[in-house]
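What follows is each chain in one-letter form.
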Amino acid sequence: MAVVWIPSLLRKHTGGAERVRVEGATLRQVVANLCARYPGVRPRLLTEDGQLQSGMAVAIDGETNHLGLLEPVREDSEVHFIPAVSGG
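So, here is what we can say about the structure in this document. (Residues numbered from 1 in each chain as written. Predicted model: local features only at pLDDT ≥ 70, side-chain atom pairs only at ≥ 80, totals over all residues. Heavy atoms only, no water.)

1. Comments concerning the nonpolar core
Step number 1: The biggest cluster of nonpolar side chains holds 24 residues, and the ones touching the most others in it are Val4, Leu27, Leu34, Leu45 and Phe81.
Step number 2: If you list the elements that add at least two residues to this core, you get strand E1 (2-5), strand E2 (19-22), helix H1 (27-37), strand E3 (56-60) and strand E5 (78-83).
Step number 3: With five residues, H1 is the largest single contributor of residues to this core.
Step number 4: Filtering out sequence-adjacent residues up to four positions away, Leu45 remains in contact with Leu10, Val31, Leu34, Gln51, Leu52, Gln53, Met56 and Phe81. (Core = buried A, V, L, I, M, F, W, Y, C linked by side-chain atoms within 4.5 Å. Buried < 20%, exposed > 50% of the residue type's maximum accessible area, 1.4 Å probe, protein only. Helix = DSSP H or I, 4+ residues; strand = E, 2+ residues; numbered from the N terminus. Contact = heavy atoms within 4.5 Å.)

Rendered as structure tokens:
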């Protein structure tokens, strides 16, 4: 199972877990399984129509993805959700 690193802003929805193991062969499957286990993360990761939130980037094995939710995820992958940072 892939290791999903939980950004600090979402840890209150994962019981404080910094990383969790999640099954899935694509980013869509990983996100679906993560949201099934921790429903509170869904509105922070996905829009109502199931697309990634525009302010959320994803890196799989250190590479930002270009296929969105279709990006393949290996059994030993690491997935990082990277919230956009704003400010001035």
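So that's the structure; there's more coming.
2. Brief notes about the environment of Gln53
Step number 1: Note on placement: Gln53 falls in the loop between helix H2 (42-45) and E3.
Step number 2: Counting along the chain gives 30 residues from Gln53 to Pro83, while the straight-line C-alpha distance between them is 9.3 Å.
Step number 3: Setting aside residues no more than four positions away along its own chain, Gln53 makes contact with Pro43, Arg44, Leu45, Leu46 and Thr47.
Step number 4: Only 2.9 Å separates the side chain of Gln53 from the backbone oxygen of Pro43, close enough to count as a polar contact.
Step number 5: Here Leu46 takes part through its backbone oxygen, which lies 2.9 Å from a polar atom of the side chain of Gln53. (Polar contact = N/O pair within 3.5 Å; in protein donor to acceptor, adjacent residues only side chain to side chain.)

3. Topic: the pattern of salt bridges
Step number 1: For the coordinates displayed, the defined rule picks out two salt bridges.
Step number 2: When the shortest N-O distance is used, the salt bridge between Arg74 and Asp61 registers 3.2 Å. With a gap of 13 residues between them, Arg74 in the loop between strand E4 (63-64) and E5 and Asp61 in the loop between E3 and E4 connect regions that are remote in the sequence.
Step number 3: The exposure class assigned to Asp61 is partly exposed, which follows from its relative accessible area of 32%.
Step number 4: The partner of Asp76 in a salt bridge is Arg74, and the shortest N-O contact between them spans 3.1 Å. (Salt bridge = Lys/Arg side-chain N within 4 Å of Asp/Glu carboxyl O.)

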